[in-house]
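Next come the chains, spelled out residue by residue.
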Amino acid sequence: MCGTIEVEQDVRAENLHQSGHLREHFAHHGVRVIGLLGSPGSGKTTLLENILPALSKKMRVAVIEGDVATENDARRIRQLGVQAVQINTDGACHLDTAMVKKALEEIDLDAIDLLIIENVGNLVCPVGFPLGETLRLAVISAAEGEDKPLKYPSAVLHTDAMVVTKTDIAGFTRVDPGKMAEYARQINPDIQVFFSGFDKDGGWNGAAGDGQSLADYLIG
Amino acid sequence: MHEATLAARMLQIAQAAAADRQGRVRAVTAVIGDMAGVMTDSLVFAFDALKKNTPLHGAQLKIERQRVLVCCRGCGAEYAPPGFPFVCPQCGGREFRIVRGEEIYVKNLEVEEDVRDH
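The structure presented is a predicted model; accordingly, all values stated were derived computationally and were not measured. (Residues numbered from 1 in each chain as written. Chains lettered and ligands numbered in written order. Predicted model: local features only at pLDDT ≥ 70, side-chain atom pairs only at ≥ 80, totals over all residues.)

Attention now moves to the overall build of chain B. The secondary structure content of chain B amounts to two helices and six strands. Listing the helices and strands of chain B from first to last along the sequence gives α-β-α-β-β-β-β-β. By the compact-globule yardstick of 13 Å for 118 residues, chain B is too spread out, its C-alpha radius of gyration being 18 Å. Across its three principal axes, chain B shows a C-alpha extent of roughly 60 × 35 × 15 Å. Classification of the 118 residues of chain B by burial places 30% in the buried group. (Helix = DSSP H or I, 4+ residues; strand = E, 2+ residues; numbered from the N terminus. Rg over C-alpha atoms; globule rule 2.2 N^0.38 Å. Buried ≥ 20, exposed ≤ 12 C-beta atoms within 10 Å, placed from the backbone.)

Here we take up the overall build of chain A. What chain A contains, in helices and strands, is eight helices and ten strands. Radius of gyration (C-alpha) of chain A: 18 Å, near the 17 Å computed for a compact globule of 220 residues. Its C-alpha atoms give chain A principal-axis dimensions of roughly 75 × 45 × 30 Å. Classification of the 220 residues of chain A by burial places 47% in the buried group.

Contact with chain A, which involves 22 residues of that partner, is made by 25 residues of chain B. At the level of elements, β1 (2-10), α6 (153-157) and α7 (177-187) of chain A are the ones that each hand at least two residues to the side of chain A that touches chain B. In terms of residue count, the dominant contributor to the side of chain A that touches chain B is β1 of chain A (nine residues). Residue composition of the side of chain A that touches chain B, by class: twelve nonpolar, six polar and four charged. Relative to strand β6 (residues 104-112) of chain B, β1 of chain A is paired through seven bridges, and the arrangement is antiparallel. Following the sheet pairing, C2 of chain A is matched in β6 of chain B by E112 of chain B. (Contact = placed C-beta atoms within 7 Å. Nonpolar A, V, L, I, M, F, W, Y, C, P; charged D, E, K, R; others polar. Pairing = 2+ DSSP bridges.)

This next bit is on helix α2 (residues 40-51) of chain B. All names here are of chain B. Here α2 contains twelve residues, and its C-alpha end-to-end distance of 16 Å stays within 8% of the 16 Å for a straight helix at 1.5 Å per residue. Turning to α2, its buried residues are L43, A46, F47 and K51. End-on, the buried residues of α2 take up no more than an arc of 120°, which puts them together on one face. Those residues of α2 that are exposed and aimed more than 90 degrees away from the buried face are D41 and A49. (Expected span 1.5 Å × (residues − 1). Arc of directions from axis to C-beta.)

Ranked by size, the top nonpolar core spans 58 residues in total, and within it V63, I116, I117 and V163 of chain A carry the most contacts. In terms of residue count, the dominant contributor to this core is helix α2 (residues 44-58) of chain A (five residues). Within the second largest apolar cluster, 27 residues are counted, among which are L43, L61, Y105 and V111 of chain B. (Core = buried A, V, L, I, M, F, W, Y, C linked by C-beta atoms within 7 Å.)

We now examine unusual backbone geometry. All names here are of chain B. Note the cis peptide between F84 and P85, where omega equals -10°. A positive phi angle is found at A19, which is not glycine, with a value near 50°. Mapping A19 onto the fold places it in the loop between α1 (3-18) and β1 (25-33).

This paragraph deals with the packing of α1 of chain B against α2 of chain B. Residues and elements named next belong to chain B. Axis separation between α1 and α2 bottoms out at 8 Å; the angle between their running directions is 55°. If you check the angle between α1 and α2, you find them oblique. Between α1 and α2 lies a crossing whose hand is right-handed. Contacts from E3, A4, L6, A7, A8, M10 and L11 in α1 reach S42, L43, A46, F47, L50 and K51 in α2. For the contact of α1 with α2, the class distribution of residues is ten nonpolar, one polar and two charged. (Axes fitted to C-alpha atoms, helices over the stretch in contact; angles between N-to-C directions. Parallel < 35°, antiparallel > 145°, perpendicular 65-115°, else oblique. Left-handed = near helix turned anticlockwise from the far one by under 90°.)

The next point concerns α7 of chain A. Residue and element names in this part refer to chain A. By the burial criterion, the buried members of α7 are P177, M180, A181, Y183 and A184. The buried residues of α7 all sit within an arc of 165° when viewed along its axis, so they share a single face. Lining the buried residues of α7 we find β6 (135-141), α5 (148-151), α6, β7 (161-165) and β8 (192-195).

Okay, structure coming up:
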């Protein structure tokens, strides 16, 4: 004799629920939150190093850095005079709301306007685990191959903007950054696209795209 | 994805739902969307490894795949896209909302009834 127990319970429900709580918490303190997703080595921290000076001029900013190991990224951010809290996941492939809540114990939300959360380098797992972000950015470099947006559709579908980094080496990797934008829009017609690269003298181009700079887009 | 974490959470959900009948759970059925980013084989492997020292050690994880279904934001038609780009077969619109295909949930448990219950 067999019976059935109906369950109908979402496996990621707890994180989704907590993400909603975090979003309310951030809104209550008037903090705008930007999430950064991207593969290891895609240039997430380098992008932050370059854009933080412009953001810091207009807003009070803090950064949460997610990595499997080391405090290296938080150290890089602190060198710019920006508060950074490092989360080490000890192997876990994405941040979750519990980790972010713990990091928030070290951040005074009333003393900042903008919080940037850089996830663990991974283009798959962080996508299904929102952290109460206002905006989510996918960071994909021209070194990773032109068709990356097509190969990781969920990452492009569940982010508001894509930043194509390392456009200065696109010629060497035989990648057309414009093609990457086109592929991303095939998946997500609403996605905003920015292109980040350096000139021969090492000057950063400001990640322009869609008629505005990335800094202005993030400030909102 | 991180199938072991998902399998561990599924075990917790199933244990809570089965309450005092955990030892008699024969199967746990989970629904996985085609776009959920989950490898079925890897999930079953993790579930079988994790269940060993729990009351659910006799339970088999059964997977039902859910195909992707979207709703056209232009005309409201619901369709199952064959692949990207998603184009509405009714109006040719490219804007859409995902209705199904990203879910990961425990649907039900099959439990062997104890004759003493009757």
